[in-house]
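Now for the letters of each chain:
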Amino acid sequence: MEFFQDLVTTLNFILQGLWVTIGVTIVALVVGLVFGVVTAMLRVYGNAFFQRIATVYSVIVRAVPVIVIIFILYFVIARFVNLSPFWAGSLALGFASGAYQTEIFRGAFQSVPSGQMVAARAIGMSRWQAIQSIIFPQAVRLALPGWGNEATLVLKDSTLVFVVGVPEILRRAQQVSARTLEPFVAYAAALLLYLALTLLTTQLLQWLERRYRLQM
Amino acid sequence: MTTAPILRIEDVYKSFGETRVLNGFSLTIQPQEVVVLVGPSGSGKSTLLRCINLLHPPTSGRIWLEEQEITAPGVNQDKVRQRIGMVFQEFNLFTHLTALGNVMIGLTKVRKMHKQEAHDLAMFELERVGLVERAHHYPAQLSGGQKQRVAIARALGMDPHIMLFDEPTSALDPELTGEVLEVMQQLAKEGMTMIVVSHEMGFARQVASRVVFMEGGIVVEEGPPAQMFEQPVHERTRAFLRKITDLDEGGQ
Amino acid sequence: MKKLGWLLSTLLIVLLALSACTAVPQAAAPAAGGEAAGGETASGETAAPAAEGGKLAEIKAAGKIVVGTSADYAPYESIDENGNFVGFDMDLIRAIGEKLGVEVEIVDMPFDSLIAAVQQGKIDAVIAAMQATAERDQQVDFTIPYRMTKDAFVAAGDSTLVIEKPEDAAGKRIGAQTGTVQEGWIQKNLVDAGLTPADMVFSYERADQAALDVANGRIELLLMDAEPSIALAEETGLKILLITELTAEGGKSIAIPDGATDLKAELDRIIQELIDDGTVQKIQEANGLP
């Protein structure tokens, strides 16, 4: 019973970090989605110049640890642009996630059968119209499983933003652990929160997948 | 005949890398004609259709659609394709859209119609191919014959001046070809100009105004179906037609 | 399987919502403290690098000083269950803020990020039981020490080791916090001197993690700051074998941006004043420091 009392007290404290974690994750996912879709489109449909830029972005960013990107954004870029730690951390995570989402969407774009593009052009759609209203909606559906996986990875990577002082769930758990010297309770509380978030994300994405499944 | 031709193909060459597929192909088609294009595989039939609607622009040569030279530089190819309906062997229906959605999307996105107007026209086109009751089915829920009829409705929705059919029944089980050929026959009766790549000889005999035999990227022989089937001039034509006619009858 | 997933996540969310509701009466109070602890609020606004010599004026103009700490080092700095920064350093910096006539905003960061943050002007100063090592001194400036340092050798409660002088630790599995003076001392005086093989030295991100490893026998000794070691040893059942100044150098200082001479002069003056009038002593006792 005392354990549960401690757990509830700890949860109350850590819960304040929940919104930070959710905020960081959502911002990072949305930023990464924009980067990922645009870069994937450039890689698959762009001219040689854009293809090269997009490839360089996705290869380099995937090779660099996320934490380094966070440091660069907060300690270097944010000297010139006024970025709060929250935004620097979230944008850095989004930038990194964008590189992975590029690969997810690139694969999705490429697995839309080529006949779809041909048929779209045949009824007089421009290339861009065809990408927009025929290829993209199908690619998004094909990308959903991989994207869901990436979403849970970003959720876990959101712990990294603490290095620039954003107090998310894990840091709050560390603070509790340092104060009470009862790491088990502190990290159990954090674990519960992450578990809840991950389950919820997974459920949501599975629902989306079922709802928008492509019938091939 | 005094009417102006609807389509004029003049000395068209098409190569893919080293491989030359069309070798100075020429053909003129009058409005309301139904031309059935036959020839051995690799003779360039499908490539010709894709050259006509500029999906694969010719390497050289010129094509006129009505008064416009569509191979001229600076031509808006998207606009040209709106006037040319195309039906594919593999249907190529948009998998994420219902039958209705497949017909509507060109109307709203390309012809810029309002939703309601597009809906009504799409339903009309589905009715033409006898699929109103399947309007809200996804492609995966349709039979091959139904898919191909939706594809025809999708092409018709763009109000094309000419329709190209690229082996529209070859991917279908034999018992499903009839419903598609029926729709095509109805179209021909309504006066649609059509170029059909097909080995359905029954259809050619009944519906075609002309049969064109091509091989090696050029026209070998052409004429009304009766003449082509009964007394072809060229030995090659004779050999080829005998082969597919045998197959056709053997299959029944 | 799907149903189970929904059930579980719904259950957890309800549980969380309930615990959040019971938290409301307390949450009202910490909201203000939580905000300050947040650090995501305003610290970004101090992004401009320190103007040469103008740092003090800058702080006074802003009406507040943004101070970074790593709040996992009781009794110097930690966060209480209401989300407030507490400890010796925290009390001291608030006293200093009062003398400066500005508000104090405290930002929590990992210890390793603090130097970079002050260097890049993300924060105005660091107070984190930090010592002015030569390495750090190259990157930032330090005030005079506000407290001289002693180190402690900590061992398991049932340990039979006898440590009378620091060198007695030779050949033992020993741990220290990453990047600390203690770690440096071990490297220089035990490893480099050939007394202890490098693979018997363990680095920890935080002292409490090291303490756990002492307790479960993974390491035999932990070398750390003497003061926090007392509370740590008490709570985890460890014992202190030796308290010594020999491994320690200097004392704890506040780090400020390199070249902020006016700020340094003012802080030095205030610190000396607080030492002289007994305030530092009082704060030490209030936080259980010897």
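Residues numbered from 1 in each chain as written. Chains lettered and ligands numbered in written order. Predicted model: local features only at pLDDT ≥ 70, side-chain atom pairs only at ≥ 80, totals over all residues.

So, about the sheet that holds strand β12 (residues 221–225) of chain C. Residues and elements named next belong to chain C. Spatially, β11-β10-β12-β9-β13 is the arrangement adopted by the 5 strands of the open sheet, whose pairing is mixed. Of all strands in the sheet, those with a lone pairing partner are β11 (201–204) and β13 (238–244), marking the two edges. Taken over all neighbouring pairs, the strand axes of this sheet differ in orientation by 30° on average, direction set aside. Sitting on the sheet, helix α10 (residues 226–236) is in contact with β9 (151–156), β12 and β13, with an inclination near 165° to β13. (Pairing = 2+ DSSP bridges. Helix = DSSP H or I, 4+ residues; strand = E, 2+ residues; numbered from the N terminus. Axes fitted to C-alpha atoms, helices over the stretch in contact; angles between N-to-C directions. Contact = placed C-beta atoms within 7 Å.)

Here we take up the environment of B:E33. Residue and element names in this part refer to chain B. Of note, E33 is situated in the loop between β2 (19–29) and β3 (34–38). In this structure, the C-alpha to C-alpha distance between E33 and G191, residues 158 residues apart in sequence, is 8.0 Å. Excluding residues that lie within four positions of it along the chain, E33 makes contacts with T193, S209 and R210.

Interfaces are often described in size by the accessible area the parts lose on coming together. On the side of chain A, 19 residues touch chain B, which itself brings 22 residues to the contact. When contributions to the side of chain B that touches chain A are tallied by element, the ones reaching two or more residues are α2 (77–82), α3 (99–109) and α5 (144–157) of chain B. With 4 residues, the top contributor of residues to the side of chain B that touches chain A is α2(B). Its residues assigned to classes, the side of chain B that touches chain A shows 10 nonpolar, 6 polar and 6 charged. (Nonpolar A, V, L, I, M, F, W, Y, C, P; charged D, E, K, R; others polar.)

Our focus in this paragraph is the pairing of β2(B). All names here are of chain B. Where strand β1 (residues 7–16) meets β2, 8 bridges bridge the pair, whose relative direction is antiparallel. Bridged to S15 within β2 is R20. As consecutive antiparallel partners, β1 and β2 are separated by 2 residues, and within that stretch G17 has a phi angle of approximately 65°, a positive value.

Turning to the sheet that holds β2(B), a few remarks are in order. Sheet strands associate in pairs through backbone hydrogen bonding, adopting either a parallel or an antiparallel arrangement. Residues and elements named next belong to chain B. Strand order in the open sheet formed by 4 strands is β2-β1-β4-β5, with antiparallel pairing between adjacent strands. Of all strands in the sheet, those bounded by a partner on one side alone are β2 and β5 (68–69). Across the sheet, helix α1 (residues 45–52) is in contact with β1, β2 and β4 (60–65); its angle to β2 comes to roughly 65°.

What follows covers the environment of C:L241. Residue and element names in this part refer to chain C. When you line up the elements, L241 lands in strand β13. For L241, a count of 18 C-beta atoms within 10 Å gives the class partly exposed. Put simply, L241 and V162 are 79 residues apart on the chain and 7.0 Å apart in space, counted from C-alpha to C-alpha. Discounting chain neighbours no more than four positions away, the residues touching L241 are F153, A155, L161 and I163. (Buried ≥ 20, exposed ≤ 12 C-beta atoms within 10 Å, placed from the backbone.)

This paragraph deals with the confidence of the model for chain C. Mean pLDDT over chain C works out to 82, with 81% of the residues at or above the 70 mark. Complex prediction metrics read pTM 0.75 and ipTM 0.90. (pLDDT = per-residue confidence, 0-100.)

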